[in-house]
Amino acid sequence: MSEHTKTTGHGGAGRALLWVAILLSVTLLGFVTATAVRNNPIYSDRDANGISKYKFIEACKELSHDTEELTVGAAGQSIPLKTLIEQSAPLKAGDSIHADLEAEPVEIVEATQTIEGGGWSLTAPATVSVHSGGRVNTLGQLPLQCTHDRETGKTTAQLSLPGQ
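As the structure is a prediction and not an experimental result, all values here were calculated from the model.

Caption draft 1: View of the overall build of the protein chain. Along the backbone of the protein chain there are 5 helices and 7 strands. Seen in sequence order, the protein chain has helices and strands lined up from the N terminus as α-α-α-β-β-α-β-α-β-β-β-β. Split into buried and exposed, the 164 residues of the protein chain put 27% on the buried side. Pairs at least 24 residues apart make up 55% of the contacts formed inside the protein chain by residues separated by at least 6 positions. Carbon and sulfur atoms form 55% of the exposed surface of the protein chain, whose accessible area is close to 11,400 Å².

This is the structure in structure tokens:
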């Protein structure tokens, strides 16, 4: 009975090659990550604008869903959306008003602009509808104007009537 084992000195070279491959992979991953961060369309200077672009867009979406506080700008006045809708037809018990941004995420990011002096501005279409049980009555589409003032740190949203 004989054991046939042979050892070679190639183990050290293979190990060195493995370390080189790992280092190259980590370097490439770091480069790709740095490039992606710089080219990120939602990247923003939070200090210059008071809030990040992402947080501003999320705040605008939340404000558009808060239809109890959402107003409509008409002839220099601010009218609550609920009041404006109830002028044409009173809401029934259980009815709720919805204002949903209808733009695609890419369009929302591209429409978000900086304001001179710091802050953000966004104008995008919002569909206004009344939900009654399982039925949805779409009333129409109005532009939603959302702004963030860097000095006050406040984000506001308001719908506009066409031609205003």
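Caption draft 2: Geometry of the confidence of the model for the protein chain. On average, residues of the protein chain carry a pLDDT of 83, and 87% of them reach 70 or more. Mean pLDDT in the protein chain bottoms out at helix α2 (residues 46–49), which sits at 76, and peaks at strand β7 (residues 154–160), which reaches 91.

Caption draft 3: Quick look at the packing of aromatic side chains. For the coordinates displayed, the defined rule picks out 1 aromatic pair. Here F56 and W120 contribute two aromatic rings whose centre-to-centre distance is 6.3 Å and whose plane-to-plane angle is 25°, an arrangement assigned as stacked. In this pair, F56 is assigned in helix α3 (residues 53–65) and W120 in strand β5 (residues 119–132), connecting sequence segments 64 residues apart. Note on F56: relative accessible area 0%, which makes it buried. Relative accessible area serves as the criterion here: at 4%, W120 is assigned to the buried category.

Caption draft 4: Structural context of the pattern of salt bridges. Enumeration according to the criterion identifies 2 salt bridges in this entry. When the shortest N-O distance is used, the salt bridge between E68 and K82 registers 3.8 Å. Of this pair, E68 sits in the loop between α3 and β1 (71–74) while K82 sits in helix α4 (residues 81–88); the two residues are 14 residues apart in sequence, bridging distant segments of the chain. On the accessibility criterion, E68 (55% relative accessible area) is exposed. The exposure class assigned to K82 is partly exposed, which follows from its relative accessible area of 30%.

Caption draft 5: Expanded view of the pairing of β7. Pairing of β1 with β7, which is carried by 3 bridges, proceeds in the parallel orientation. Paired with V72 across the strands is L159, a residue of β7. By the bridge criterion, 6 bridges tie strand β6 (residues 135–149) to β7 in an arrangement that is antiparallel. The partner of L144 across the bridge, within β7, is L159. Remark: 4 residues form the turn of the hairpin made by β6 and β7, two consecutive strands paired antiparallel; G153 in that turn has positive phi of roughly 75°.

Caption draft 6: Inspection of the layout of surface pockets at higher detail. Roughly 370 Å³ of internal volume is contained in the largest pocket. Around the largest pocket, the lining comprises 19 residues; the ones closest to its centre are I85, S88, V130, N137 and L139. Residue assignment for the lining of the largest pocket shows that the elements contributing at least two residues are α4, β5 and β6. Here the lining of the largest pocket takes 6 residues from β6, the largest share from any one element. Of the residues belonging to the lining of the largest pocket, the class tally is 11 nonpolar, 5 polar and 3 charged.

Caption draft 7: Representation of the nonpolar core within the structure. Counting residues in hydrophobic clusters, the biggest one holds 25 residues, and the most contacted among them are F56, L70, L81, L122, V128, L144 and L159. Among the secondary structure elements, those contributing two or more residues to this core are α3, α4, β3 (95–101), α5 (105–111), β5, β6 and β7. Here this core takes 6 residues from β5, the largest share from any one element. In this structure, L70 is in contact with L63, S64, P80, L81, A99, L144, A157, Q158 and L159, ignoring residues within four places of it in sequence.

About the criteria used
- Residues numbered from 1 in each chain as written.
- Predicted model: local features only at pLDDT ≥ 70, side-chain atom pairs only at ≥ 80, totals over all residues.
- Heavy atoms only, no water.
- Helix = DSSP H or I, 4+ residues; strand = E, 2+ residues; numbered from the N terminus.
- Buried < 20%, exposed > 50% of the residue type's maximum accessible area, 1.4 Å probe, protein only.
- Contact = heavy atoms within 4.5 Å.
- Areas by Shrake-Rupley, 256 points an atom, 1.4 Å probe, with all protein chains shown as cover.
- pLDDT = per-residue confidence, 0-100.
- Phe/Tyr/Trp six-rings, centres within 6.5 Å; stacked < 30°, edge-to-face > 60°.
- Salt bridge = Lys/Arg side-chain N within 4 Å of Asp/Glu carboxyl O.
- Pairing = 2+ DSSP bridges.
- 1 Å grid on protein atoms, 1.4 Å probe; cavity = no way out; pocket = protein on both sides within 12 Å on 5 of 7 lines; lining within 4 Å.
- Points joined across faces, edges and corners; volume = space filled by probe spheres on them.
- Nonpolar A, V, L, I, M, F, W, Y, C, P; charged D, E, K, R; others polar.
- Core = buried A, V, L, I, M, F, W, Y, C linked by side-chain atoms within 4.5 Å.

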